[in-house]
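# Structure at a glance
Residues per chain are reported as follows:
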Amino acid sequence: MTKPVIGFIGLGLMGGNMAECLQKNDFDLVVMGRNKDAVGATVARGATEVTTPRELAEASDIVMLCVTTSDVVESLIYGDDGILAGIKDGAVVIDFGTSIPASTQKIGAALAEKGAGMIDAPLGRTPAHAKDGLLNIMAAGDKDTFEKVKPVLDVQGENVFYVGALGAGHTTKLINNFMGMTTVCAMSQAFAVADRAGVDRQQLFDIMSAGPSNSPFMNFCKNYAVDGVSDLGFSIANATKDIGYFVKMVEDLGTRALIAEGTSANLQAALAAGQGDGNVPEIFDYFLNLQERS
């Protein structure tokens, strides 16, 4: 597929930069979204604005979604004016968000009935990487469909991993986020417990970081709990959603993940305490206050 027309929905910080990267590489874009400033910026660079997902699908060879939840993805796919109603034979939908694998597989089956393909391709790295085409992309789906869109993914990502059948990308991303967010919650609570016990937080970090527990996530937690710098750009609200999806995915697999349920409960409690907009290491404040209340 050479220079396909790309429909892009979800021009937030990540999606907006991804769209700009595509435009810098001479792809024609069709866009829609609620963020009129972001839509206006893409239109100013030459994109065409439409008002419904159906119109966008009718005009596109590849439909890219970079939205927040599985519910939002499904709302864009289904309905009289949804993507499914307008998708062209041979087109491909790519979901860059973090979604529930079972939902992705259901959507993929519906698209296949229309002769269209689907790739789930959740992302790693930051919006700054997106602008420069340096994302990590975990892509899954039919191998021929993947190869069809890989030249476009290569523009957007420095590392494009093919991880298997449809849904495997979202599965991999959820496992990745489970590990990362659980690490952040555990380390943040470790700092809070140290404070309660009278152990210096900096000294705790010096000792733990000298051993195998050291990791970038430990450093993010230290930056907040010790230095007061919140520099992991991922919110407690987003983490709560992703770990909830992980728990649901595990339930769909017929088992339980008690560690994930614990992480989920802590994130939900911090969210309920009004910390949803804060970066995940800021859950330290929740744990510290919890210690004080006890």
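Okay, so let's go over this structure.

### Remarks on the pairing of strand S4 (residues 62-65)
In S4, alternate side chains face the same way, and those of Ile 62 and Met 64 on one face and Val 63 and Leu 65 on the other are all buried. The pairing of S4 with strand S5 (residues 92-95) spans 4 bridges and is classified as parallel. By the bridge assignment, Val 63 is partnered in S5 with Val 93.

### Some points on the packing of aromatic side chains
The full count for this structure, using the stated rule, is 5 aromatic pairs. Stacked on the ring of Phe 205, the Lys or Arg Lys 222 has its end atom at 5.5 Å from the ring centre.

### Considering the pairing of strand S8 (residues 135-139)
Taken across its 5 residues, S8 has 4 buried, putting it largely inside the fold. Across 2 bridges, strand S7 (residues 123-124) lies against S8 in antiparallel orientation. Its bridge partner lying in S8, Gly 124 is registered against Asn 136. Examined bridge by bridge, S8 and strand S9 (residues 157-162) share 5 bridges and lie parallel to one another. Each residue of the ladder has a partner; that of Asn 136, found in S9, is Asn 159. With helix H8 (residues 143-156) bridging S8 and the parallel S9, this β-α-β connection has right-handed handedness.

### Brief notes about helix H2 (residues 36-44)
The complete set of buried residues in H2 reads Ala 38, Val 39 and Thr 42. On an axial view of H2, the arc spanned by its buried residues comes to 100 degrees, and they lie on one face. Across H2 from its buried face, at more than 90 degrees, point the exposed residues Lys 36, Asp 37 and Ala 44. Those residues of H2 that are buried are in contact with helix H1 (13-24), strand S2 (29-32) and strand S3 (48-49). Two or three places before Asp 37, at the start of H2, stands the capping residue Asn 35, its side-chain oxygen 3.2 Å from that residue's backbone nitrogen. Following H2 by one or two positions, Gly 46 has its phi on the positive side, about 115 degrees.

### What to know about the layout of surface pockets
Of the pockets and cavities examined, the largest pocket occupies roughly 1,400 Å³. Around the largest pocket sit 41 residues that line it, and Met 14, Cys 66, Gly 233, Phe 234 and Asn 238 are the ones nearest its centre. At the level of secondary structure, the elements contributing two or more residues to the lining of the largest pocket comprise H1, helix H4 (70-77), S7, helix H9 (168-197), helix H11 (216-225) and helix H12 (236-252). Here the lining of the largest pocket takes 5 residues from H9, the largest share from any one element. Per-class residue counts for the lining of the largest pocket are 19 nonpolar, 16 polar and 6 charged.

### As for the nonpolar core
Among the nonpolar cores identified, the biggest contains 35 residues, and Phe 191, Phe 246, Leu 267, Ile 283 and Phe 284 are the most heavily contacted of them. Ranked by residues supplied to this core, first place goes to H9 with 9 residues. When sequence neighbours within four positions are dropped, the list of residues in contact with Phe 246 reads Leu 174, Ile 175, Phe 178, Ala 257 and Ala 260. Membership of the second largest hydrophobic core comes to 31 residues, among which are Phe 8, Met 18, Leu 22 and Leu 123.

Cut-off values and rules
Residues numbered from 1 in each chain as written. Predicted model: local features only at pLDDT ≥ 70, side-chain atom pairs only at ≥ 80, totals over all residues. Heavy atoms only, no water. Buried < 20%, exposed > 50% of the residue type's maximum accessible area, 1.4 Å probe, protein only. Helix = DSSP H or I, 4+ residues; strand = E, 2+ residues; numbered from the N terminus. Pairing = 2+ DSSP bridges. Phe/Tyr/Trp six-rings, centres within 6.5 Å; stacked < 30°, edge-to-face > 60°. Lys NZ or Arg CZ within 6 Å of the ring centre and 35° of its normal. Right-handed = clockwise from strand over helix to strand, strands pointing away. Arc of directions from axis to C-beta. Contact = heavy atoms within 4.5 Å. Polar contact = N/O pair within 3.5 Å; in protein donor to acceptor, adjacent residues only side chain to side chain. 1 Å grid on protein atoms, 1.4 Å probe; cavity = no way out; pocket = protein on both sides within 12 Å on 5 of 7 lines; lining within 4 Å. Points joined across faces, edges and corners; volume = space filled by probe spheres on them. Nonpolar A, V, L, I, M, F, W, Y, C, P; charged D, E, K, R; others polar. Core = buried A, V, L, I, M, F, W, Y, C linked by side-chain atoms within 4.5 Å.

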